[in-house]
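# A closer look at the structure
Below are the chains, spelled out letter by letter.
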Amino acid sequence: MALNLNKNLKLYYSIKEVAEMFDLNESTLRYWEQEFPFLKPKVSGAAKIRQYQEKDIEQIRLIHNLVKERGFKLAAARKILTQNRKGVEKKADVLERLISVRAELQALKKQMDYLQ
């Protein structure tokens, strides 16, 4: 059996880590948990510490794409996600790839400009 070195070994992320991933406030994530019933991180202890798994982070990525990047209202984002989740996932993936390709092209352009 081959060892998968690319696999993320961290199982849970704190609300602070997730907020930093998406450049959001922790209060925004807590609010989104109320607005999107499918976003349910594990809550443990008397202090109710949230522990986000990869599946939760994927949900947040979709919500972030709709609300922060594409400008949908929360109600519209919730409706779109319940009606056409696969379509939203595909569009978010394509947008993410395009952004990374753009960044690579910009880096190549800088290198080309430096050589001239």
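Scroll up for the structure.
As a starting point, this report considers the structure included with it.

Rules of the game
- Residues numbered from 1 in each chain as written.
- Predicted model: local features only at pLDDT ≥ 70, side-chain atom pairs only at ≥ 80, totals over all residues.
- Heavy atoms only, no water.
- Buried < 20%, exposed > 50% of the residue type's maximum accessible area, 1.4 Å probe, protein only.
- Helix = DSSP H or I, 4+ residues; strand = E, 2+ residues; numbered from the N terminus.
- Arc of directions from axis to C-beta.
- Salt bridge = Lys/Arg side-chain N within 4 Å of Asp/Glu carboxyl O.
- Core = buried A, V, L, I, M, F, W, Y, C linked by side-chain atoms within 4.5 Å.
- Contact = heavy atoms within 4.5 Å.

### Re helix α2 (residues 26-35)
For α2, every residue scored as buried is listed here: T28, L29, W32 and E33. One face of α2 carries all of its buried residues, which in axial projection span an arc of 145 degrees.

### Considering helix α4 (residues 74-83)
Considered for burial, the residues of α4 that qualify are L74, A77 and L81. With its buried residues spanning 60 degrees around the axis, α4 presents them on a single face. What points out from α4, more than 90 degrees from its buried face, is the exposed set K79, T82 and Q83.

### As for the pattern of salt bridges
Considering all chains together, one arrives at eight salt bridges under this definition. Put simply, R30 and E26 hold a salt bridge, and the shortest N to O gap is 4.0 Å. Placement of both R30 and E26 in helix α2 is noted, with a separation of four residues, approximately one turn of the helix. Its relative accessible area of 33% is what places R30 among the partly exposed residues. Taking the shortest distance from any N to any O, the salt bridge between R61 and D93 comes out at 2.9 Å. You can see R61 sitting in helix α3 (residues 54-69) and its partner D93 sitting in helix α5 (residues 85-115), a full 32 residues away along the chain. A residue is classified by how much of its surface remains accessible, and R61, at 14% relative accessible area, is buried.

### What about the nonpolar core?
With 22 residues, the main nonpolar core has V18, L29, W32, F36, Y52 and I60 as its most contacted residues. Breaking this core down by element, the ones donating at least two residues are α1 (15-22), α2, α3, α4 and α5. Looking at this core, the element that brings in the most residues is α3, giving six residues. The residues contacting Y52, other than those within four sequence positions of it, are L11, Y12, Y13, S14, I15, V18, L29, E33, P41, I57 and I60.

### Looking at the environment of K90
Mapped onto the elements, K90 comes out in helix α5. A relative accessible area of 59% places K90 in the exposed class. For K90 and E26, which are 64 residues apart along the polypeptide, the C-alpha to C-alpha distance reads 27 Å.

By themselves, these are just geometric observations and shouldn't be taken as functional.
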